Amino acid sequence: MFITFEGPEGCGKSTHSKKLKSYLEGKGHKVLLTQEPGGTQVGKHIRSLLLNPESVLDETTEVYLFAADRSEHVSKVVLPALKEGKVVISDRYVDSTLAYQIGGRGLPEDLVRYINMVSSKGLIPDLTLLLDVSPEVGIKRAAQVGAADRFEKEKIQFHQKVRAKYLELAQNDPERIKVIKTDSRDIDKVQEKIRGIVETKL
Ligand code: TMP
């Protein structure tokens, strides 16, 4: 079972993915929680290149760096764990590239989808939890966690386009992508919804 968490900045992915991991472990599942970018040793270097506000990257360079990170992650971490029978939870995956690089950056859809297919080796999540938050609330929340990274520093319009693309993806694939609103601060209620959706899928 391969579950991904997706969403705009400050949507609560990190909190909820950790809580879901503990919950599933409590039910006796073996769980691997991982992330993109940065889920491998090489990926950690790629992550710091991508998130450092001082990196000046062309959009195409950017999408290839995410693809390089994913290629390493899928072959060295995700696929081996799935083969061992673990539930794999990834904090971001292919839908981030669609939302940020197509929606946010405006790269062509066919190019990004092709790059995603190659870098993911065709591995599609069984379930994607899209935590949806308005950019106004999300950016404020993210700002409380630490200094803004290269994406968090983008204009509000960029974040609006990312969110709109995410919602479009969910509308086109309602079987896989489940939308959960996280504007309210009620973490327990959101987690309860997440668990319900995951239980149904399991
Ligand atoms: P996060 O892991 O702290 O959420 O930060 C990762 C940032 O990278 C976030 O702003 C979204 C962005 N991102 C993309 O633009 N494309 C991608 O394919 C992925 C995985 C992340």
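Residues numbered from 1 in each chain as written. Predicted model: local features only at pLDDT ≥ 70, side-chain atom pairs only at ≥ 80, totals over all residues. Heavy atoms only, no water.

**Q** Is there a simple way to explain the site of the ligand in this structure?
**A** Around the ligand, a shell composed of 14 residues is seen, among which Glu9, Arg47, Arg92, Thr97 and Gln101 lie nearest. A distance of 3.1 Å separates an oxygen atom of the ligand from a polar atom in the side chain of arginine 47. In isolation the ligand offers 480 Å² of accessible surface; the protein chains occlude 94% of this area. Of all the elements in the fold, those that place two or more residues in the shell around the ligand are helix 2 (41-51), helix 3 (59-83) and helix 4 (94-104). The element best represented in the shell around the ligand is helix 4, accounting for 4 residues. For the shell around the ligand, a count of residues per class yields 5 nonpolar, 3 polar and 6 charged. (Near = heavy atom within 4 Å. Polar contact = N/O pair within 3.5 Å; in protein donor to acceptor, adjacent residues only side chain to side chain. Areas by Shrake-Rupley, 256 points an atom, 1.4 Å probe, with all protein chains shown as cover. Helix = DSSP H or I, 4+ residues; strand = E, 2+ residues; numbered from the N terminus. Nonpolar A, V, L, I, M, F, W, Y, C, P; charged D, E, K, R; others polar.)

**Q** Looking at this structure, I do not really get the nonpolar core. What am I missing?
**A** One recurring pattern in soluble globular proteins: nonpolar side chains tend to sit buried together. Counting 22 residues, the largest nonpolar core has Tyr100, Val112, Phe151, Val162 and Tyr166 as its most contacted members. Of all the secondary structure elements, the ones that give two or more residues to this core are helix 2, helix 3, helix 4, helix 5 (109-119) and helix 7 (156-172). Ranked by residues supplied to this core, first place goes to helix 7 with 5 residues. For phenylalanine 151, the contacting residues outside a window of four places in its chain are Glu9, Leu50, Leu51, Glu62, Phe66, Tyr100, Gln101, Arg105, Phe158 and His159. By size, the runner-up hydrophobic cluster in this structure holds 16 residues, among which are Leu131, Ile180, Val190 and Ile194. (Core = buried A, V, L, I, M, F, W, Y, C linked by side-chain atoms within 4.5 Å. Buried < 20%, exposed > 50% of the residue type's maximum accessible area, 1.4 Å probe, protein only. Contact = heavy atoms within 4.5 Å.)

**Q** Mind showing me how you'd approach helix 2 here?
**A** Along an α-helix, residues three or four apart share an orientation, since each turn contains 3.6 residues. Those residues of helix 2 not exposed but buried are Gly43, Ile46, Leu50 and Leu51. Looking down the long axis of helix 2, one finds its buried residues gathered within 120° of arc, a one-sided arrangement. With respect to the buried face of helix 2, the exposed residues turned more than 90 degrees away are Gln41, Lys44 and His45. Residues of helix 2 that are buried sit in contact with helix 3. (Arc of directions from axis to C-beta.)

**Q** Would you mind showing me how to read the packing of helix 6 (residues 135-145) against helix 7 here?
**A** A pair of packed helices can be characterised by two numbers: the angle between their axes and the separation between those axes. Closest axis-to-axis distance for the helix 6/helix 7 pair is 10 Å, and the angle between their directions is 115°. The angle between the axes of helix 6 and helix 7 places the two elements in the roughly perpendicular class. Two packed elements cross with a definite hand, and for helix 6 against helix 7 that hand is right-handed. Packed against helix 6, whose contacting residues are Pro135, Glu136 and Ile139, the element helix 7 presents Ile156, His159, Gln160 and Arg163 at the interface. Among the residues making up the contact of helix 6 with helix 7, the classes are represented as 3 nonpolar, 2 polar and 2 charged. (Axes fitted to C-alpha atoms, helices over the stretch in contact; angles between N-to-C directions. Parallel < 35°, antiparallel > 145°, perpendicular 65-115°, else oblique. Left-handed = near helix turned anticlockwise from the far one by under 90°.)

**Q** Could you clarify how one ought to interpret unusual backbone geometry in this entry?
**A** Among all residues save glycine, negative phi is the norm, and among peptide bonds the norm is trans. Cis rather than trans, the peptide bond between glutamate 36 and proline 37 has omega equal to -10°. Mapped onto the elements, proline 37 comes out in the loop between strand 2 (31-35) and helix 2. We note that arginine 92 has phi near 80°; this positive angle belongs to a residue other than glycine. By the element assignment, arginine 92 lies in the loop between strand 3 (87-91) and helix 4. With a relative accessible area of 13%, arginine 92 lands in the buried category.

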